[in-house]
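# Structural overview
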Amino acid sequence: MTTLHQVSRAKASAPPVLDLRRIRADFPILGHLSNGKPLVYLDNAATSQKPQSVIDTLTRYYQAENANIHRGVYELSQHATLAYERARAKIQRFINAAEPHEVVFVRSATEAINLVAHSYGRSHLHAGDEVIVSVMEHHSNLVPWQLVCEATGARLRVIPMTDAGELVLEEYERLFNEKTKLVALVHVSNSLGTINPVKQMVETAHTNGVPVMVDGAQGAPHLPIDVRDLDCDFYALSGHKMFGPTGIGALYGKAALLDAMPPYQGGGEMIRSVRFEKTTYAQAPAKFEAGTPHIAGAIGLGAAVDYLHNLPWDLIQAHEYDLLTYATESLAAIPGVRLVGTAREKASVASFVLDGVHAHDIGTILDQEGIAVRTGHHCTQPVMERLGIPATARASFAFYNTREEVDALVAGVLKVREVFG
Ligand code: 7TS
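For the structure given in this document, a descriptive report is provided here. (Residues numbered from 1 in each chain as written. Predicted model: local features only at pLDDT ≥ 70, side-chain atom pairs only at ≥ 80, totals over all residues. Heavy atoms only, no water.)

## Describing the site of the ligand
- Thr 110, Asp 215, Gln 218, Ser 238 and Arg 394 are the nearest of the 17 residues found near the ligand.
- Thr 110 places a polar side-chain atom, nitrogen or oxygen, 2.5 Å from an oxygen atom of the ligand.
- The side chain of His 138 places a nitrogen or oxygen atom 3.3 Å from a nitrogen atom of the ligand.
- When the ligand sits alone it has 490 Å² of accessible area, and the protein chains cover 89% of it.
- When grouped by side-chain class, the residues that make up the shell around the ligand number 5 nonpolar, 8 polar and 4 charged. (Near = heavy atom within 4 Å. Polar contact = N/O pair within 3.5 Å; in protein donor to acceptor, adjacent residues only side chain to side chain. Areas by Shrake-Rupley, 256 points an atom, 1.4 Å probe, with all protein chains shown as cover. Nonpolar A, V, L, I, M, F, W, Y, C, P; charged D, E, K, R; others polar.)

This is the structure in structure tokens:
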């Protein structure tokens, strides 16, 4: 996979030009004020903003296309069904899955992981078995595995990381033994920005006969995702972090695995036939989409994927790399600031601490300047414990952010220093 660093190196001789004004015009919220100042939105790892095309798709769906899917013989329902299934095919192509039915619509990345934990995990894990996770997992890719371990008697093994926030691959390789049943691994860390060498780590797991679940919540907004190249067994996507609506996500699973897995939730739509004596289930993905799904959300996510598809990705990646480098250098130049997460391969996250000032105070003062950053442990408490810090302030970028917004962030942090003497 091409990383931001590689793109940047390749482009070093010809500075890329991205029409940022045009791109920003696609995102109406970016023109708004916050606390009377122009909004500087740097919390994209929490959720990204939505382009007008996604907003219009949602509006149009409810205005002119709304019907329940897979049930109606009438035109409106058939149209909605087609649009929903077309969205599935768009996501399939976006991640280069082999078949549309390898894409299951879920509520979020969190639900995608819970689905795998409760369906695959509960049916494959037994007392004494082991699940490998990394120390930098979001709680979403940790707690579901803890719950399954509690229920089955399996246990977690943890890949450690360096002070810079890179996984220690020799330790990872040493964790495998005959009890290892699954690896659950984050693609891009939300609190550190580290891009993990997922392809290589999948290869190691497969050499040991172990499948891999990748938490791609922070991967898809920044990197081209090719699940067949990664050869991962499961990949979780979060719609709202990739410029789509909230309440929708997708789980990729290899067809053979999904077909063999038991249902996660019971209800309508996921069955083949229901009798009191015995119920049989539909094939994947319907087997995992019990009840009325978030139809508008899925179609909106399809529109987000269309939007992403039309972007000049080589320029986008070079721009994101430039933003991250510029932010890192500018923040590091402020006395008392320390960057947290300095891996060699990073996506658009600049986490930092400031001597003598709690992260929440940084967030509050930046907010007065119209700057939205996230402060806290970012649902990665083990990362904070490993690094011996309670919290960080985190600026996370999307392709629509600008160097001027980084300048505003830096000015805001200088103000924080002033206030706290
Ligand atoms: N995995 C990672 C790596 C994440 O960063 C997040 C959310 C999730 C899973 C859960 O995604 P969801 O769509 O199910 O909520 N991360 C963040 C964050 O960094 N700040 O707020 C949410």
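Having seen the model, we can carry on.
## Brief notes about the sheet that holds strand S14 (residues 349–354)
- In space, the 4 strands of this open sheet follow the order S13-S14-S17-S16, with antiparallel pairing throughout. For this open sheet the edge positions go to strand S13 (337–340) and strand S16 (374–376), each flanked by a neighbour on one side alone. On average, each strand axis in the sheet is tilted by 30° relative to the strand beside it, whichever way the strands run.
- Across 3 bridges, S16 lies against strand S17 (residues 392–396) in antiparallel orientation. Each residue of the ladder has a partner; that of Gly 376, found in S17, is Thr 392.
- Relative to the sheet, helix H13 (residues 359–368) contacts S14, S16 and S17, its axis offset from that of S16 by approximately 160°. (Pairing = 2+ DSSP bridges. Helix = DSSP H or I, 4+ residues; strand = E, 2+ residues; numbered from the N terminus. Axes fitted to C-alpha atoms, helices over the stretch in contact; angles between N-to-C directions. Contact = heavy atoms within 4.5 Å.)

## A few points about helix H15 (residues 403–419)
- Over its 17 residues, H15 extends 24 Å from the first C-alpha to the last, a length consistent with the 24 Å expected when each residue adds 1.5 Å.
- When we look at burial in H15, the residues that qualify are Glu 405, Val 406, Leu 409, Val 410, Gly 412, Val 413 and Val 416. Angular distribution of buried residues about the axis of H15 spans 160°; they occupy a single face of the element. Summarising the geometry of H15, the exposed residues directed more than 90 degrees from the buried face are Glu 404 and Glu 418.
- One or two residues past the end of H15 sits Gly 421, with phi positive at roughly 65°. (Expected span 1.5 Å × (residues − 1). Buried < 20%, exposed > 50% of the residue type's maximum accessible area, 1.4 Å probe, protein only. Arc of directions from axis to C-beta.)

## As for the side chain of Lys 50
- Tracing the sequence through the fold places Lys 50 in the loop between strand S3 (40–41) and helix H3 (52–65).
- Put simply, Lys 50 is tucked away with no salt bridge, and the nearest opposite charge, on Asp 43, sits 11 Å away.
- Here Gly 244 takes part through its backbone oxygen, which lies 2.8 Å from a polar atom of the side chain of Lys 50.
- Among residues more than four places away in sequence, those in contact with Lys 50 are Asp 26, Phe 27, Pro 28, Ile 55, His 240, Phe 243 and Gly 244. (Lys, Arg positive; Asp, Glu negative; His and termini not counted. Salt bridge = Lys/Arg side-chain N within 4 Å of Asp/Glu carboxyl O.)

## Let's talk about the pattern of salt bridges
- The final tally for this structure, using the stated rule, is 20 salt bridges.
- A salt bridge links Glu 85 to Arg 88; its shortest N-O distance comes to 2.8 Å. Of the two residues, Glu 85 and Arg 88 both sit in helix H4 (residues 75–95), 3 residues apart, roughly one turn of that helix.
- For Glu 85, a relative accessible area of 28% gives the class partly exposed.
- Across the pair Arg 157 and Glu 130 runs a salt bridge whose closest N-O atoms are separated by 3.1 Å. Taken as a pair, Arg 157 in strand S6 (residues 155–159) and Glu 130 in strand S5 (residues 130–134) lie far apart in primary sequence, 27 residues in all.
- Owing to a relative accessible area of 2%, Glu 130 belongs among the buried residues under this scheme.

## Quick notes on a nonpolar patch on the surface
- There is a patch of nonpolar side chains on the surface, built from Val 73, Tyr 74 and Leu 76 and spanning about 320 Å² of accessible area.
- Here Val 73 is to be found in the loop between H3 and H4. (Patch = residues over 30% accessible without salt bridge, like charges linked within 9 Å, V, L, I, M, F, W, Y side chains within 5 Å.)

## Concerning the packing of helix H12 (residues 313–332) against H15
- The N-to-C vectors of H12 and H15 enclose an angle of 20°; their axes lie 10 Å apart at closest approach. Between H12 and H15, the interaxial angle falls into the category roughly parallel. In the crossing of H12 with H15, the sense of the turn from one axis to the other is right-handed. Contacts from Asp 322, Leu 323, Tyr 326, Ala 327, Ser 330 and Leu 331 in H12 reach Arg 403, Val 406, Asp 407, Leu 409, Val 410 and Val 413 in H15. (Parallel < 35°, antiparallel > 145°, perpendicular 65-115°, else oblique. Left-handed = near helix turned anticlockwise from the far one by under 90°.)

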